[in-house]
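Per-entry structural report
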Amino acid sequence: MSRLCSGVTALTLFDLVIRSMRKNIKHYYLYFFALILSVVLYFVFATLQYDSAILELSGTNMGTAFQAAGILLLFIAGIFVVYANSIFLKRRSREIGLYQLIGLTKRVVARLLIVENILLGIGALIIGIAVGLLVSRVFLLLLMKLIGYESFIEVSFSVAAVVQTIVVFIGIFALTTVQMIVMVFRNTLLSLFNSDKAGEHPKKPKTGVSAAFGLLGLLLIGFGYWFSGRMLNELFFFNILIVLATVIAGTYLLFRVTISWLLFKVRSRKEGHLGLLNSLSLAPLMHRLKGNANSLTVITILSAMTLTMVAFSYAMYYETERETDIRMPFDFMFDNNEAQTNEIMGEMDQKGIGYQHGKVDMLVVPTMFEQGVFPGESFERPTAIISDKQLQAAGIDIVAPKDGSASYHDASSLSMFADSVDLPIKIEIQDEDRTTVEITEMGERNVINWSLFYGQLVVSDETYQSLKNKLSGMEGAKIEYIDGFHILEEKDQKTASAIFQQPKYTSSGPHVDYYSSYEESVQDNGLMIFIAGFLGLVFLISTGSILYFKQMTEAEQEKKSYATLRQLGFTGKEIMKGIIRKQVFVFGLPLAIGLLHSVFAMKAASFFFQSDILMPATLAMGVYTLIYTAFAFLTIGYYRKTVNAAL
Amino acid sequence: MTMLKNTKIDTTQKAKQTVLHAQNVRKSFGSRGNVQQVLKGIDLHVEEGEFVGIMGPSGAGKTTLLNVLATIDRATEGTILISGSDISRMKDAKLSAFRRDQLGFIFQDYNLLDTLTVKENILLPISLGKMKKKEAEAEFQSISSILGITELADKYPHEISGGQKQRTSAARALINKPSMVFADEPTGALDSKSASSLLGTLADVNQKREVTIMMVTHDPLASSYCSRVVFLKDGHIYSELYKGSKSRQAFFQEIMNVQAVLGGDSVDTL
């Protein structure tokens, strides 16, 4: 003791650090755990980023995706650690005050905290990187599976990843150190001793103002939802910003005003007869709602974003095969090129690849849709008129509508409007007579590959012949043909694709074939879903942990109340009922609102997809809810321990 | 050990019912090898309407006795009957229900819930009971007017004084019409004026509502409000004093005298 008072030497300071760390393990483990977790996740991501197998595979778009995700991850890790540190410091403020009370100067206390922080940081880096090395293999396997890479893989120890992780976390530790210094120098002794008693006291809200702002919150969210379904026009990106701003502001008002106003109403109607359950849920919630509004808003918005991101990329992945299918009915095709067609048939015969070949004629004419089908100005566009009989002969399963009417196929552009069009509609050929053809069916898929950018109008063979006779002389009309191929055996697809992709073969549009398009989109979407899933997991773990940490602190603060209640004769079970009700609110509310937000976000985004995204969206939401619930159970478990230990 | 018997039994109280009957209550702490016996065989009867003070030097076992009698802690040995129920054999869950229905508590540091208003705090013990809202409201009004805190109903604990907090705590202890109220140093954190005012009210409630109260205190002035004072020393009952028809001043003097004999060895040296 005397050594302490007569000025602290470096050695005694170090002693003090070690001693205080050993005594406070309980307080430390939370912060330490948060540190380790952040290091592990960041290190895994960095390892994958530098993995040779991935570097080899990744094109430029993959590389940028990884980099963007890495920056995002850096921010999340930083915010998470800083947040955990602030909770940690708050819990220890009494201890920090005590050091000052026994005569340590603020400088010495700050030095003590910094030494501690460095020790914790080094420990977290070592453990985090070690654990990261073990689990990165699992993540790499998962990624490879998602992008359809099948050969043997091996995680190599990446020095670059280690260095990057260390650099990033030294930055984050510097941030927490600044936080600690500010905490020590800014706070008075008194506020340090009282900080665990802090927490606001619910005031009677000003009825008029609160009701107005509460309503405004709901209106803002409602408007955001309503507007999100009407974003498809020239100002699309501006509209997205409007929706984001209104929904975020609305959510904040909801937590800050609307809910406390509602709770206040409920409580004042009880006239003091609150009951045990409400005393343990309603009352403490109101007590802390003001301070929690920020974090609840952030958690809700993050949840909504994560869910939308994950569901969106999962839907893309889920749709990959279908997307390619509907855009490419042929494995590959040539347009107006008999020489190359014959050459490739020769090559395939030579290799023994079985195929079906069909030649399809098309009458290409300039057309316009009748007014009102497309939003805005109607525009002129070449459309290929095709006979269903010829398509059938080429192996495409299609029957044209009867009575001279047609079915229209364009998987790439019309899909956005297909749902909203009332059939039949008329398409007008730009000849002198303005011949019109009635469209009675919207085809879900193309009948020829998308590389020829024509609208595709399928009619019966008779109608085709008569239109051809009538229009082939008009200005701008062309007779074209394609040679479409189906590869009969799946095992030959890769070889056939390689043959087709030789530089000597060309197309007038993009030179694409089914097999390589499919592979490429599986790779792109697989990487995207991996990154989205990884970031989603990090978001989820951080937000869940933050709620958990906050509730742990609350449980500590309310320990005395539980002791009192136990003494008054309430059983642990009865107390837990009230606490569970509070947790349902604390975890359920941001989750429910986040889910609702994401439902509207996905609805707004669903025009990207041809098929229903209900399945992947539901699955993503289910998993998210499940992990979130796990955090809620962890929290309840912690409360149960606290309550049982209270008496 | 010298036992100073100083019992003057008021015969008019004999007809009353026994609320608490404790026999040979022992309590030890610690595990094998290092057992410390704190209560060494206590026999105690409390009758309906009594206001019993428990005094004694630090370490005499006052609070331990209160905790054991109040079912917060378990006795190592002995039987305790409260209103005829043997609490030493009850299971935990049943004990909780018993505390809620039959007992009231007043603590030194009030133990009010910060998040609840005065009224909500007071009504808490009957929140799981079957009392109707109207009935509960009437009960609240009557108790809060006796304790003079009706005006404070909608205030939060941080907005009121220590004395007012302790009155709230007392009202909470009384709301369920308990067979017995246990108070652990209720005036310990109060200034002398609030303390006497609270004790006056407790004595008043004790008389008017015939509530049985047991209070642990180290303050002779506080115990002078009691109808009987029990002195503990080293885990035994050392002596008892009855107030009878004496004035409070005279009773206070008597208590001081006993304490002077008692406290010589341990209290002053501390």
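Residues numbered from 1 in each chain as written. Chains lettered and ligands numbered in written order. Predicted model: local features only at pLDDT ≥ 70, side-chain atom pairs only at ≥ 80, totals over all residues. Heavy atoms only, no water.

1. Considerations on the overall build of chain B
The secondary structure content of chain B amounts to eight helices and 10 strands. Here chain B has a C-alpha radius of gyration of 18 Å; the compact-globule value for 270 residues is 18 Å, and the two agree. Its C-alpha atoms put chain B at 55 × 45 × 40 Å along the principal axes. Counting over 270 residues, chain B shows a buried share of 50%. The long-range fraction of contacts in chain B, counting pairs at least 24 apart against all pairs at least 6 apart in sequence, stands at 70%. In the structure as shown, chain B presents an accessible area of about 12400 Å², 48% of it carried by carbon and sulfur atoms. Here chain B carries 33 positive and 30 negative side-chain charges, and the mean point of each set is 4 Å from the other. (Helix = DSSP H or I, 4+ residues; strand = E, 2+ residues; numbered from the N terminus. Rg over C-alpha atoms; globule rule 2.2 N^0.38 Å. Buried < 20%, exposed > 50% of the residue type's maximum accessible area, 1.4 Å probe, protein only. Contact = heavy atoms within 4.5 Å. Areas by Shrake-Rupley, 256 points an atom, 1.4 Å probe, with all protein chains shown as cover. Lys, Arg positive; Asp, Glu negative; His and termini not counted. Charge placed at Lys NZ, Arg CZ, Asp CG, Glu CD.)

2. Considering the overall build of chain A
The secondary structure content of chain A amounts to 22 helices and eight strands. Against the globule reference of 26 Å for 647 residues, chain A gives a C-alpha radius of gyration of 33 Å, more extended than a compact globule. Principal-axis analysis of the C-alpha atoms places the extent of chain A at approximately 110 × 60 × 40 Å. Per-residue burial for chain A yields a buried fraction of 53% across its 647 residues. Considering only contacts in chain A between residues 6 or more positions apart, those separated by 24 or more positions represent 83%.

3. A look at the environment of A:Leu535
Residue and element names in this part refer to chain A. Along the chain, Leu535 falls in helix H19 (residues 514-557). Through-space distance from the C-alpha of Leu535 to that of Met309 is 9.2 Å; in sequence the pair is 226 residues apart. Once residues lying within four places of it in the same chain are set aside, the contact partners of Leu535 are Ala69, Leu72, Leu73, Ile76 and Met309.

4. A word on the nonpolar core
Among the nonpolar cores identified, the biggest contains 125 residues, and A:Phe169, A:Phe534 and A:Phe549 are the most heavily contacted of them. Two domains each put at least three residues into this core: domain 1 (1-198) and domain 2 (201-328 + 513-647) of chain A. Filtering out sequence-adjacent residues up to four positions away, A:Phe549 remains in contact with A:Leu30, A:Ala34, A:Phe80, A:Ala84 and A:Ile87. B:Ala170, B:Leu199, B:Phe231 and B:Leu241 belong to the second-largest nonpolar core, a separate cluster that totals 40 residues. (Core = buried A, V, L, I, M, F, W, Y, C linked by side-chain atoms within 4.5 Å. Domains from an automatic or database assignment.)

5. Focus on the confidence of the model for chain A
Averaged over chain A, the pLDDT score is 83; the fraction of residues at 70 or greater is 91%. Predicted confidence for residues 1-8 of chain A stays below pLDDT 50, and this span has nine contacts to residues more than four positions away or in other chains. (pLDDT = per-residue confidence, 0-100.)

6. What to know about the pairing of strand S3 (residues 51-55) of chain B
Residue and element names in this part refer to chain B. The buried fraction of S3 amounts to five of the five residues, a majority that puts the element mostly inside the structure. With burial as the criterion, each face of S3 is covered, one bearing Phe51, Gly53 and Met55 and the other bearing Val52 and Ile54. Here S3 pairs with strand S8 (residues 212-216) via four bridges, running parallel. Looking at S8, one finds that Val52 is bridged to Met214. (Pairing = 2+ DSSP bridges.)

7. A look at the interface of chain B and chain A
Taken together, the 28 residues of chain B in the interface contact 27 residues of chain A. In total, about 2400 Å² of surface goes out of reach between chain B and chain A, with carbon and sulfur atoms giving 61% of it. In this structure, the connection of chain B to chain A is made through four salt bridges. As a salt-bridge pair, B:Arg100 and A:Glu574 come within 2.9 Å of each other at their nearest N and O atoms. Seen at the junction of chain B and chain A, the total is 11 residue pairs in polar contact (both at pLDDT 80 or more). Counting residues per element, the ones that place at least two in the side of chain B that touches chain A are helix H2 (92-102), helix H3 (118-123) and helix H4 (133-146) of chain B. (Buried area = accessible area lost by both parts, 1.4 Å probe. Salt bridge = Lys/Arg side-chain N within 4 Å of Asp/Glu carboxyl O. Polar contact = N/O pair within 3.5 Å; in protein donor to acceptor, adjacent residues only side chain to side chain.)

8. Description of the sheet that holds strand S10 (residues 236-242) of chain B
Residue and element names in this part refer to chain B. On the basis of which strands lie adjacent, the open sheet formed by six strands has the order S6-S7-S8-S3-S9-S10 and mixed pairing. Two strands in the sheet have a free side with no partner beyond their single neighbour: strand S6 (103-106) and S10. This sheet shows a mean twist of 20° between the axes of neighbouring strands, independent of strand direction. (Axes fitted to C-alpha atoms, helices over the stretch in contact; angles between N-to-C directions.)

9. A look at the domain arrangement of chain A
Residues and elements named next belong to chain A. Annotation of chain A at the domain level lists domain 1 (1-198), domain 2 (201-328 + 513-647) and domain 3 (332-511). Just the C-alpha atoms count here: the centres of domain 2 and domain 3 sit 48 Å apart. Taken together, the contact between domain 2 and domain 3 spans nine residues of the former and 17 residues of the latter. The contact between domain 2 and domain 3 buries some 1300 Å² in all, and 54% of this surface belongs to carbon and sulfur atoms. Broken down residue by residue, the surface that domain 2 buries against domain 3 is led by Arg327, Asp513 and Tyr515, which jointly contribute 47%. Where domain 2 meets domain 3, there are zero salt bridges. At the junction of domain 2 with domain 3, the criterion picks out six residue pairs in polar contact (both at pLDDT 80 or more). Counting residues per element, the ones that place at least two in the side of domain 2 that touches domain 3 are helix H13 (282-327) and H19. By residue number, the principal contributor to the side of domain 2 that touches domain 3 is H13, which donates three residues. Partitioning the side of domain 2 that touches domain 3 into residue classes produces four nonpolar, two polar and three charged. (Nonpolar A, V, L, I, M, F, W, Y, C, P; charged D, E, K, R; others polar.)

10. Overview of helix H10 (residues 207-228) of chain A
Residue and element names in this part refer to chain A. Given a rise of 1.5 Å per residue, 22 residues ought to cover 32 Å, and the 31 Å separating the end C-alpha atoms of H10 matches this to within 8%. For H10, the set of buried residues is Ser210, Gly214, Gly217, Ile221, Gly224, Tyr225, Phe227 and Ser228. Buried-residue contacts for H10 involve helix H11 (236-270) and helix H21 (572-605). (Expected span 1.5 Å × (residues − 1).)

11. Looking at the environment of A:Gln350
All names here are of chain A. Tracing the backbone shows Gln350 in helix H14 (residues 338-351). By relative accessible area, Gln350 is classed as exposed at 70%. Considering only alpha carbons, one finds Gln350 and Pro401, 51 residues apart in sequence, at a separation of 40 Å.

12. Some remarks on the packing of aromatic side chains
Taken as a whole and assessed by the stated rule, the structure comprises 23 aromatic pairs over all chains. Between the aromatic rings of A:Tyr42 and A:Phe169, the centroid separation amounts to 6.1 Å while the plane-to-plane angle is 75°, which identifies the pairing as edge-to-face. In this pair, A:Tyr42 sits in helix H3 (residues 25-50) while A:Phe169 sits in helix H8 (residues 159-186), placing the two residues 127 residues apart along the sequence. Assigned by exposure class, A:Tyr42 and A:Phe169 land together as buried. Cluster of aromatic residues (ring-pair linked, three or more members): A:Phe332, A:Phe334, A:Tyr355, A:Phe485, A:Phe500 and A:Tyr505. The aromatic ring of A:Tyr481 is capped on one face by A:Lys359, whose charged end is 3.8 Å from the ring centroid. Over the ring of B:Tyr225 we find B:Arg248, and its NZ or CZ is 4.1 Å from the ring centre. (Phe/Tyr/Trp six-rings, centres within 6.5 Å; stacked < 30°, edge-to-face > 60°. Lys NZ or Arg CZ within 6 Å of the ring centre and 35° of its normal.)

13. Re the packing of H10(A) against H21(A)
Residue and element names in this part refer to chain A. Two elements in contact, H10 and H21, have axes separated by 9 Å at closest approach and are oriented at 25°. In this view, H10 runs roughly parallel relative to H21, as classed from their interaxial angle. In this structure, H10 contributes Ile221, Tyr225 and Ser228 to the contact, and H21 contributes Ile593, Leu596, His597, Phe600 and Ala604. For the contact of H10 with H21, the class distribution of residues is six nonpolar, two polar and no charged. (Parallel < 35°, antiparallel > 145°, perpendicular 65-115°, else oblique.)

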